[in-house]
Structure formats: structure tokens, C-alpha cells
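Observations on chain architecture
The residues making up each chain are set out below.
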Amino acid sequence: MYPVGHLALGYLAGVGVARASGRTRPRLRQELLPLWIGALLPDLVDKPAYLLGLADATRWAAHSPLFVLLLWGLWFILHLRGTPARPLALLTLGVISHQAADLVDGAVSGLLFPDTNLISTWFTWPFIATDTWAVELDSAIFPFKAPITPLELVVVAAALAVAWHLRGNFRGPPREQPRNPDHTLTRDRSPGGRPSSHLSSS
Ligand SMILES: [Zn+2]
């Protein structure tokens, strides 16, 4: 999944967080920003680590549940000390959304496309090496790989649909049309002041 898919998922998580707090729209700085950083963090850590030769695959330490456990531990320490740690909790939620998306995305892509692992062991770092139990289907449904995975398309479309739906909240309640105080006087009247309907009988 590309960054746009992870950001879209982070946005949907933000809408969920806002709903849980009794609001309709997520707050940009307090909620969406930490969620988006978390939603990109595993790739921001692991892909450079792979390029530098530190990791044996592009999904490495920051794609493992141990990374989530580390972040949760930090949050717990801050929480015990009474330090506000909501941004860290949201960042951790973003990381979880990234890992879950990669896991589901891989399974769906492995089912549909050739040369794609249905399941791999990247999330077991550091206990089992990546691709130890990699499973790849012999007969995928489509003959070639798609440039964008179906899950990414669905997630981005859902985020756009939700954002479109919520955009009405920027406008506030609809304004009432001012009443025309003279609307009772605009009826056509005869030169004598009587309504014209009385003249049509001639
Ligand atoms: Zn990833």
C-alpha cells in the first residue's frame, strides 16, 4: 500500500476517534497529525533501514507488534507520570492501522495477483526471518499485477466519500431565507385596489 492509502486509513481512524469523543470531524493538529505520522512511521523507519543495509527486508522492526508494544510502553510511562500522552496514543493507533493494512493488503493481493505472497512472516520480527513461511498461490485470479491494490482503492475511495460527506459541516446550519414582508402586497391588483381575479369575470 502506498502512503496515500495509509494516510486515507489514518483519516478514517481520525473520524472514528472524533465520533468516539462526541464530535463529527477530527481535529487536524491534535488528532489527524499524530495519526498520519503513525500511519507512515513503519515505512519511514524500515525502508531507509533496508536501503542502509540494516534490515533484511522492507518490512522490518517497525512493522512488528514489538514496535507497537514499545510505543504503548512509552505511553504507559507518560500516563503514570501524569504527562498528557494522547498524541502518542493516536500515533500508536496510526502504526497499528499501517501494520493491519499491510497484512490485509498482502493477503488480498496474494489472492488476486501472481508473484505476490498471500502471507509472509515479516510481522514476526525478530523471531522468524521474513518469508520463512511465505505462501504464494500457484493460480492467482488475475494474470498480471495491478499498480494499485484493491484495498488501497477501497480505503482511498471511502476516505474521500467520508470527507465529502463531512464537508457540509464547514458550512454551518443553512441560513434562513429572509422573508419578504411585502409578499402579501405583490399580488396583482386592479387599478381600483381590488384583486384582478374579480375583474376577469367580464
Ligand atoms: Zn508498510
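Residues numbered from 1 in each chain as written. Predicted model: local features only at pLDDT ≥ 70, side-chain atom pairs only at ≥ 80, totals over all residues.

**Side note on helix α1 (residues 3-20)**
- Compared with the 26 Å implied by 1.5 Å per residue over 18 residues, the 25 Å span of α1 between its first and last C-alpha is a close match.
- Close packing links the buried residues of α1 with α2 (28-51), α4 (86-112) and α5 (150-166).
- Directly beyond the C-terminal end of α1, a positive phi value near 85° is found at G22. (Helix = DSSP H or I, 4+ residues; strand = E, 2+ residues; numbered from the N terminus. Expected span 1.5 Å × (residues − 1). Contact = placed C-beta atoms within 7 Å.)

**Looking at the packing of α1 against α2**
- At their nearest, the axes of α1 and α2 sit 9 Å apart, and the two run at 140° to each other. In terms of orientation, α1 lies oblique with respect to α2. Crossing geometry of α1 relative to α2 is assigned as right-handed. Judged by residue contacts, P3, H6, L7, L9, G10, Y11, A13, G14, V17 and A18 of α1 engage E31, L32, L35, W36, A39 and L40 from α2.
- For the contact of α1 with α2, a count of residues per class yields 12 nonpolar, three polar and one charged. (Axes fitted to C-alpha atoms, helices over the stretch in contact; angles between N-to-C directions. Parallel < 35°, antiparallel > 145°, perpendicular 65-115°, else oblique. Left-handed = near helix turned anticlockwise from the far one by under 90°. Nonpolar A, V, L, I, M, F, W, Y, C, P; charged D, E, K, R; others polar.)

**Quick look at the nonpolar core**
- Counting residues in hydrophobic clusters, the biggest one holds 27 residues, and the most contacted among them are L9 and L35.
- At the level of secondary structure, the elements contributing two or more residues to this core comprise α1, α2, α3 (65-80), α4 and α5.
- Beyond its immediate sequence surroundings of up to four residues, L9 is in contact with A39, S97, A101 and V155. (Core = buried A, V, L, I, M, F, W, Y, C linked by C-beta atoms within 7 Å. Buried ≥ 20, exposed ≤ 12 C-beta atoms within 10 Å, placed from the backbone.)

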